[in-house]
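# Fold and geometry: a report
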Amino acid sequence: MYKILKKEKLNDVIYSMWIEAPEVASSVQPGQFIILMVSEKGERVPLTVADFDRKEGLIRIVFQIVGKTSEELSTLEENDQLFSFIGPLGKKTDIENFGTVITIGGGTGIACIHPITRALKKAGNKVISIIGARNKDLIIMEEEIKKASTKLIVTTDDGSYGRKGFVTQVLKELLDEDPTIKKIWTIGPPIMMKVTCNTTKSYAVDTIVSLNSIMVDGTGMCGSCRVSIGGETKFVCSDGPEFDGQLVDWEEFANRLTRYKGLEEKSWNEFRNGNHDCKCGRRTN
Amino acid sequence: MAEMISPKDRMKREQVPMPEQNPDERNRNFKEVPLGYTREQAIYEAQRCLQCKNAKCVIGCPAEINIPQFIKKIVEEDFSAAYNEILKTDALPAITGRVCPQEEQCQKHCILEKQGKPISIGRLERFVADWARENNVHGKLPKIEKKEKSIGIVGSGPAGLTCAADLAKLGYEVTIFEALHLLGGVLVYGIPEFRLPKAIVKYEVEEIEKLGVKVIKDYVVGATKSVDVLARDFDALFLANGAGAPRFMNIPGENYNDVYSANEFLTRSNLMKAYAFPEYDTPIKIGKRAATIGAGNVAMDSARTALRLGAEKSYIIYRRSRKEVPARSEEVHHAEEEGIIFNFLTLPIKVLGDKNGNVIGMECKKMKLGETDESGRRRPIPIEGSEFTIEVDIVIDAIGTSANPILARSATGVETNKWGYFIADEKTGATTKEGIFSGGDIVRGSATVISAVGDGKVAARAIDKFLSSGKSLKIK
């Protein structure tokens, strides 16, 4: 069992938790993910690591309520335990001194770029971070990203905070200003990553995305997370989660994320309506 | 007191058939298909055993069970002694009694096989193990003299569990690392509940833990820690992580939403209990028409699972003919009884989907059999112009697995063959790195539970020899 040591509500829908998982914390590298189960009857959910503390043996996860499991997770409190927590999974981010790089985060993707940004800066890069959300309330981890990067630019769609507009507008300006920018990491909703890739297509710049496919085991055993990269089938869990964004088949990726849409809604509705009448002892709202 | 019967009467008796759930009922539930012998049936069947002086059945048993002896104890109605006899060499009797292909192993060598009625050794083994479990009879714990050496075992499938049990009985400190949240490996994620109830796996694993074996779940060797790091902490290692990676056909449309690998389909249903959704959170797609590609045991498990999940039609699509089907005849028989539709000499060439990525059908080609190929089977050849479309909602690829590279990547000096499987000595399980042993599917590719059990035993013996000679991974 894995204890929740610290819980924080970052906004109406996004939560942060520090989980006691010393084995994972001792080996984790930026870009890797974990898989957790809330309870014995739960599903296995992958989450990219938002931060880690090797000394204390802790892993930080940041998640948004998007269905039953995330909502159930959000109801757990400090000192509660998770049933299962494995990792670190996937390949680590390729960190070296590239010169000037950009990291872009949208939604909970802001949490995912945090350790990558920090490691890139530590490796000697000038790291410009752009984080964006629909409005001010949805911007998370601003202080942490500011500290991790050389320069931070915040955007909101409605202009309620930072620059008004999308992250891609800022990105385009930066690329036009500085042709030495060699590499970009962009993590967020699929549509944001796809649009970023479209923006960078005409520039000589590598664009790395981190994919959040549906997984079961997370160790290369089931193939649930497969994705077409340059026409070749790859597993996000063992070949990724980071890929060259220009090679991703975004339509297929987006379709595969909807595989269980109807069933997921059913499960969430039953949970919300309190129709959770088995005797497993799980909380209901 | 045991009933005395003459050898003549004994020879006259026929095999006691296995009582089973009715096919029309069982194809809609996940309860076990065979119900098991009653006490009377077991004794009657055991009495058929000729108690050969030079018993050939034992040659066919990788678990090295003294078969005539445990059967004798059944005849004497001393089931506890029968159970302990089996446990001497097989730590997983309720499991091997169910999933071993006995017709290819012990029963093939039975002297009565020639008359077409070998002793039902597997059914008797199962009876004994079930009797013990149901009557709360536990194996006598052997006197264990503690040894100071420790062994790390990667994977809690049949190979790892067997190796752990044998080494623990020899007094070694054994730690098993399991990547998933439950113990048992393929026994829990692969083999369906209706063939191997998970409560039984849990029970036999707990019996092994009672021998002093330590288990660590949620630990992905190769990710959480490398083999190289583990090699510093243990005197010897046994790598038995299973084959793992699913194979796909590489035809167009195979990444549509409703195309599963058998590994994914079965893991969702078995390990994650998607058949009990939404009580369990993991969903699974239930199509009206399911097509399973392949005709091995895993394909039968997949097709039969699809039916139980509610598919109206569940097809097996196989490019060769009935004669070449690799699954156990018992599994094919069960599948046919339950209404699985077999399409032989059929090759899928394209999966068809709608704009949202949902599967709507599959394009196939008819095949004919040509000359014998290197596998000794007649090669299937496509018939030109025979393309046709079959309407299906889900497709399950059950065409085999390949080696999962995660573990091997982290094991310096442990060499793999060109398919990515560990190279291991057949007689010892020794890999190319001294002190590291391997067995089961990560050496053999896709094989059977019992061959993994055999590998576990072979490796345990070799590890004991290695450590007894004063060697250790810790000594450089």
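Look above for the structure.
Residues numbered from 1 in each chain as written. Chains lettered and ligands numbered in written order. Predicted model: local features only at pLDDT ≥ 70, side-chain atom pairs only at ≥ 80, totals over all residues. Heavy atoms only, no water.

### Regarding the interface of chain B and chain A
Counting residues at the interface gives 42 residues for chain B and 49 residues for chain A. Of the roughly 3600 Å² buried where chain B meets chain A, counting both sides, 52% is carbon and sulfur surface. Run the count over chain B and chain A and you get 4 salt bridges. B:Glu279 serves as the salt-bridge partner of A:Lys41, at 2.4 Å between the closest nitrogen and oxygen. The tally of links between chain B and chain A comes to 27 residue pairs in polar contact (both at pLDDT 80 or more). Residue assignment for the side of chain B that touches chain A shows that the elements contributing at least two residues are β5 (244-246), β6 (259-261), α13 (262-271) and α16 (405-409) of chain B. Split into classes, the residues belonging to the side of chain B that touches chain A amount to 19 nonpolar, 12 polar and 11 charged. (Contact = heavy atoms within 4.5 Å. Buried area = accessible area lost by both parts, 1.4 Å probe. Salt bridge = Lys/Arg side-chain N within 4 Å of Asp/Glu carboxyl O. Polar contact = N/O pair within 3.5 Å; in protein donor to acceptor, adjacent residues only side chain to side chain. Helix = DSSP H or I, 4+ residues; strand = E, 2+ residues; numbered from the N terminus. Nonpolar A, V, L, I, M, F, W, Y, C, P; charged D, E, K, R; others polar.)

### Thoughts on the sheet that holds strand β2 (residues 173-177) of chain B
Residue and element names in this part refer to chain B. A sheet is described by the order of its strands in space; here 5 strands give the open sequence β3-β2-β1-β4-β16, paired in parallel fashion. Every other strand in the sheet has two partners, leaving β3 (214-216) and β16 (436-438) as the edge strands with one partner each. Taking each pair of neighbouring strands and ignoring which way they run, the sheet shows an average axis angle of 20°. When β2 meets β3, the two strands line up parallel, connected through 3 bridges. Note on β3: the bridge partner recorded for Thr 175 is Lys 214. (Pairing = 2+ DSSP bridges. Axes fitted to C-alpha atoms, helices over the stretch in contact; angles between N-to-C directions.)

### Quick look at the packing of α13(B) against helix α14 (residues 297-309) of chain B
Residues and elements named next belong to chain B. The geometry of α13 relative to α14 is characterised by a closest axis approach of 10 Å and an angle of 50° between their N-to-C directions. By the criterion of interaxial angle, the relationship of α13 to α14 is oblique. For α13 against α14, the interelement crossing comes out left-handed. For the pair α13 and α14, the contacting residues are Ala 262, Phe 265, Leu 266 and Ser 269 in the first and Val 298, Asp 301, Ser 302, Thr 305, Ala 306 and Leu 309 in the second. (Parallel < 35°, antiparallel > 145°, perpendicular 65-115°, else oblique. Left-handed = near helix turned anticlockwise from the far one by under 90°.)

### Points about unusual backbone geometry
Between A:Gly240 and A:Pro241 the backbone carries a cis peptide bond, its omega angle lying at 10°. As for its position among the elements, A:Pro241 is in the loop between α7 (236-239) and β17 (242-244). Note the cis peptide between B:Phe277 and B:Pro278, where omega equals 5°. Its identity as a non-glycine residue notwithstanding, B:Lys273 has a phi of 60°, on the positive side. The topology assignment puts B:Lys273 in the loop between α13 and β7 (289-293). With a phi angle near 50°, B:Leu345 is a residue other than glycine that sits in the positive phi range. With respect to the element layout, B:Leu345 can be found in the loop between β9 (341-343) and β10 (346-353).

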